[in-house]
Amino acid sequence: MKEQVLIQAEKKKESSGDVLVVKHLYKSFGSNKVLNDFNLTLVNGENLVVLGKSGSGKSVLIKCIIGLLMPDSGVIELFGRNITDLDHEELDKVRAKVGFLFQSNALYDSMTVRQNLEFPLRRHWMHVTQQEVDNLVQEALEDVGLAHTINMMPAELSGGMRKRIALARTLILKPEIILYDEPTTGLDPVTGKEIIELIMTIQKKYRSSSLIISHDMTCVRLAADRIVVLINGRCYAEGAYDELKRSVDPGIKQFFE
Amino acid sequence: MQETGDVSVFAIRFFKEAFKPRYEISEFIRQCFVIGYKSLPLIGLTGFIMGLVLTMQLRPSLIEYGVESQLPAMVGIAIVREIGPVITALIFAGKIGSSIGAELGSMKVTEQIDAMEVSGTNPFKYLVVTRVLAATLMLPVLVMLGDAISLFGSYLGVNIRGVTSFHLFYTQVFDNLAFGDVLPAFIKSFFFGFAVGIIGCYKGYYSAKGTEGVGQSANSAVVVSSIVIFVIDLVVVQITDLLNLN
Ligand SMILES: Nc1ncnc2c1ncn2[C@@H]1O[C@H](COP(=O)(O)OP(=O)(O)OP(=O)(O)O)[C@@H](O)[C@H]1O
Ligand SMILES: [Mg+2]
């Protein structure tokens, strides 16, 4: 009965459109106040970019959202459920619907590409057959155009290929929200652009919502429906690319020069 | 001191998580194979040399006292009771402790442990519980194999001067070994294995960021577990003494 009510509440929230809401988020390390009353809303189906300088706390923000870091205070609602209140099991259920692309890719370097992609499927190990696993792995690899690397080790791949494999691993469970931590950093501009285009294509295919963290303006221009500028741990400004580009505020202007 | 507390907390977490499903059986079996197989050649080689050298070193003294015939018995007791378990455990710490420390350390630094966490696999269970259990179970096996190879080395040592049959040698060794010699040695090797596993995992799991952090984890995993091995040895000797097992 309680379950039923919860599911209904969840449905309601989803149809209302906000899949992720961050309210009054505070996080500091010692005296270093990284996030200071940060607010953000991700609407179903949109691509939201969080723009911020290196060290501004973008990775900290995204790690709080996925529950890898515990915020000092504040609310983080994923699909209408405050993840800071959830126990481990419930958090895990919410996480199953959220994909996370690490800044460093975080590929398992002792496993082959196939094993890397199979790993998230362990979550559903009781409900999927080996045939289904193989199909999912194949499909995810084809999505990123790297079907031939299936038996290679991550160390044998180039930086761009590794990013694609990491993307395929993130997508294999067809998440409803995908969190990207600087998907183009460390790649040359051409490869970076390819990755962004790939992200956009996949976004259309699976109709997911994305939160993209970046300071790469090409990435921002191509991907963003809406931008949030993160300065001093706060949401400094918000708007579409063209709006922010016209801004005369020096804090915003610095990104567009 | 602070660290002793942290390792204890880590060990308590190990016992809590080890008995909760889901059990990572296939990873555990893989780790047993990796851990056992990786250290076997080294342990075999050192065990063989130890047995041989010990025998050759002891012979002159025993001749002096006129008890050369006791050579197999002496060597047997020394190897089975003390030298076998301790040397094997120290080599195990050097080989396996460092590799666990480095492996988990680099997984930590490159966010692979976080990646497991978000993809719904408990990394503590998948990485730590399997490795600690494998180390705890494999070391006693390695100690027994090491003892056997050592005794074979010793047999060759006895045979360098004078001829003894294989059968006679082993009869002499085992006639002089009591249950009270074998049991404590066997039991303490479980503790040695557990110590190497848990310390290696702890050092890796809480590795400092950066490549340097990984090296440090591997290094201090070996240093700390070697010291702990001697401490456990000391404690076990005291206990067997108290219980009057020999
Ligand atoms: N685990 C941690 N412990 C202590 N301080 C941390 C930790 N993680 C991050 N910080 C601090 O938080 C601040 C923000 O770091 P973060 O990694 O979020 O930056 P970023 O915006 O992602 O930068 P980049 O674009 O370079 O990735 C930094 O000053 C960093 O020192
Ligand atoms: Mg970052």
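Residues numbered from 1 in each chain as written. Chains lettered and ligands numbered in written order. Predicted model: local features only at pLDDT ≥ 70, side-chain atom pairs only at ≥ 80, totals over all residues. Heavy atoms only, no water.

Within an unreviewed UniProt entry, the label attached to chain A reads ATP-binding cassette domain-containing protein, and the organism entered is Niastella caeni.

Engineer: I tried to follow the interface of chain B and chain A on my own but got confused; where do I start?
Structural biologist: By a widely used convention, the size of an interface equals the accessible area lost when the partners come together. Contact with chain B, which involves 15 residues of that partner, is made by 19 residues of chain A. Roughly 1700 Å² of surface becomes buried between chain B and chain A when both sides are summed, with 50% attributable to carbon and sulfur atoms. Linking chain B with chain A are 3 salt bridges. We note a salt bridge from Arg122 of chain A to Glu24 of chain B, for which the minimum N-O separation is 2.7 Å. Here chain B and chain A share 9 residue pairs in polar contact (both at pLDDT 80 or more) between them. The greatest single-element share of the side of chain B that touches chain A, amounting to 6 residues, is contributed by helix α4 (residues 112–118) of chain B. A breakdown of the residues in the side of chain B that touches chain A according to their chemical character gives 5 nonpolar, 5 polar and 5 charged. (Contact = heavy atoms within 4.5 Å. Buried area = accessible area lost by both parts, 1.4 Å probe. Salt bridge = Lys/Arg side-chain N within 4 Å of Asp/Glu carboxyl O. Polar contact = N/O pair within 3.5 Å; in protein donor to acceptor, adjacent residues only side chain to side chain. Helix = DSSP H or I, 4+ residues; strand = E, 2+ residues; numbered from the N terminus. Nonpolar A, V, L, I, M, F, W, Y, C, P; charged D, E, K, R; others polar.)

Engineer: What is the right way to read the pattern of salt bridges from this model?
Structural biologist: Any two side chains of opposite charge can pair if their charged atoms end up close together. This structure, assessed with the given rule, holds 21 salt bridges over all chains. Here Lys174 of chain A makes a salt bridge to Glu139 of chain A, at a shortest N to O gap of 3.6 Å. Here Glu139 of chain A lies in helix α5 (residues 130–143) and Lys174 of chain A lies in the loop between α6 (159–171) and β7 (177–181), a separation of 35 residues in the sequence. Note that Arg13 of chain B is salt-bridged to Glu17 of chain B, the shortest N-O span being 3.2 Å. Highlighted residues: Arg13 of chain B and Glu17 of chain B, both in helix α1 (residues 2–18), separated by 4 residues, approximately one helical turn. For Arg13 of chain B, a relative accessible area of 31% corresponds to the partly exposed category. In the salt-bridge network here, residues are joined through shared partners; they are Glu139, Asp143, Lys174 and Lys205 of chain A. (Buried < 20%, exposed > 50% of the residue type's maximum accessible area, 1.4 Å probe, protein only.)

Engineer: Even after reading the chapter, I still don't get the confidence of the model for chain B, so can you show me in this structure?
Structural biologist: Keep in mind that low pLDDT regions are not for reading the predicted coordinates in detail. The share of residues in chain B with pLDDT of 70 or more is 99%, and the mean pLDDT across the chain is 91. Across the interface, the model reports ipTM at 0.87; the global pTM reads 0.88. (pLDDT = per-residue confidence, 0-100.)

Engineer: Even after reading the chapter, I still don't get the packing of aromatic side chains, so can you show me in this structure?
Structural biologist: Taken as a whole and judged by the stated rule, the model has 24 aromatic pairs over all chains. Summarising the aromatic geometry, the rings of Tyr205 of chain B and Tyr206 of chain B are spaced 5.6 Å apart at their centres and angled 80° between planes, so their arrangement reads as edge-to-face. The class for Tyr205 of chain B is buried, based on a relative accessible area of 8%. What makes Tyr206 of chain B partly exposed here is its relative accessible area of 48%. These aromatic residues form a ring-pair network of at least three members: Phe48, Phe152, Tyr155, Phe166, Phe169, Tyr170 and Phe174 of chain B. Over the ring of Phe79 of chain A we find Lys97 of chain A, and its NZ or CZ is 4.2 Å from the ring centre. Across the ring face of Phe119 of chain A, the terminal group of Arg122 of chain A is positioned such that the distance to the ring centre comes to 4.9 Å. (Phe/Tyr/Trp six-rings, centres within 6.5 Å; stacked < 30°, edge-to-face > 60°. Lys NZ or Arg CZ within 6 Å of the ring centre and 35° of its normal.)

Engineer: Can you help me understand the coordination of the magnesium ion (ligand 2) in this one?
Structural biologist: Ideal geometry at a metal gives 109.5 degrees between four tetrahedral donors and either 90 or 180 degrees between six octahedral ones. All names here are of chain A. In this structure, Ser59 (OG) and Gln103 (OE1) serve as the protein donors to the magnesium ion (ligand 2), at separations of 1.9 to 2.3 Å. Residue Ser59 is found in helix α2 (residues 58–66), and its partner Gln103 is found in the loop between β6 (98–101) and α4 (113–118); the two are separated by 44 residues along the sequence. According to the relative accessible area criterion, Gln103 is partly exposed, its value standing at 33%. (Donors = N, O, S within 2.8 Å, 3.2 Å for Na, K, Ca; no water.)

Engineer: Looking at this structure, how should I read the sheet that holds strand β2 (residues 32–43) of chain A?
Structural biologist: In any sheet, the strands associate via hydrogen bonds between backbone groups, in a parallel or an antiparallel arrangement. Residue and element names in this part refer to chain A. Taking strand neighbours across the sheet as the criterion, the 4 strands line up as β2-β1-β4-β5 in an open arrangement whose pairing is antiparallel. Looking at which strands have only one partner, the edges of the open sheet turn out to be β2 and β5 (81–82). Note: strand β4 (residues 73–78) against β5, 2 bridges, orientation antiparallel. Bridge pairing in β5 places Glu77 opposite Asn82. Each of β1 (18–29), β2 and β4 is contacted by α2, which is oriented at about 120° to β1, the strand it contacts most. (Pairing = 2+ DSSP bridges. Axes fitted to C-alpha atoms, helices over the stretch in contact; angles between N-to-C directions.)

Engineer: Quick question: what am I supposed to make of the sheet that holds strand β9 (residues 226–231) of chain A here?
Structural biologist: All names here are of chain A. The 6 strands lie next to each other as β6-β7-β8-β3-β9-β10, forming an open sheet whose pairing is mixed. One side of each edge strand has no neighbouring strand; the edge strands of this open sheet are β6 and β10 (234–239). On average, each strand axis in the sheet is tilted by 20° relative to the strand beside it, whichever way the strands run. Sheet topology places strand β3 (residues 47–51) next to strand β8 (residues 209–214); 5 bridges connect them, and they run parallel. Paired with Leu51 across the two strands is Ser214, which belongs to β8.

Engineer: What exactly am I supposed to notice about the site of ligand 1 here?
Structural biologist: Residues and elements named next belong to chain A. Taken together, the neighbourhood of ligand 1 is formed by 14 residues, with Ser54, Gly55, Lys58, Ser59 and Glu182 sitting nearest. The contact in question runs from an oxygen atom of ligand 1 to an N or O atom on the side chain of Ser54, over 2.5 Å. Within the side chain of Gln103, a nitrogen or oxygen atom sits 3.0 Å from an oxygen atom of ligand 1. Contact with the protein chains covers 61% of the free accessible surface of ligand 1, which is 630 Å². Listed by contribution, the elements that provide at least two residues to the shell around ligand 1 are β2 and α2. Of all the elements, α2 adds the most residues to the shell around ligand 1, at 3 residues. Partitioning the shell around ligand 1 into residue classes produces 3 nonpolar, 8 polar and 3 charged. (Near = heavy atom within 4 Å. Areas by Shrake-Rupley, 256 points an atom, 1.4 Å probe, with all protein chains shown as cover.)

Engineer: Please explain the packing of α1 of chain B against helix α5 (residues 123–160) of chain B as it appears in this structure.
Structural biologist: Helix-helix packing is characterised by the crossing angle of the two axes and by the distance between the axes. Residue and element names in this part refer to chain B. Where α1 meets α5, the axes come as close as 10 Å, and the angle between the chain directions of the two elements is 100°. Taken together, the axes of α1 and α5 are roughly perpendicular relative to one another. Only Phe124, Lys125, Val128, Val129, Val132 and Leu133 of α5 make contact with α1, whose side of the interface consists of Phe10, Arg13, Phe14, Glu17 and Ala18. Residue composition of the contact of α1 with α5, by class: 8 nonpolar, no polar and 3 charged. (Parallel < 35°, antiparallel > 145°, perpendicular 65-115°, else oblique.)

Engineer: Looking at this structure, I do not really get α1 of chain B. What am I missing?
Structural biologist: Along an α-helix, residues three or four apart share an orientation, since each turn contains 3.6 residues. For α1 of chain B, built from 17 residues, the straight-helix expectation of 24 Å at 1.5 Å per residue is met to within 8% by its first-to-last C-alpha distance of 24 Å. Residues of α1 of chain B that are buried make contact with α5 and α7 (179–205) of chain B. (Expected span 1.5 Å × (residues − 1).)

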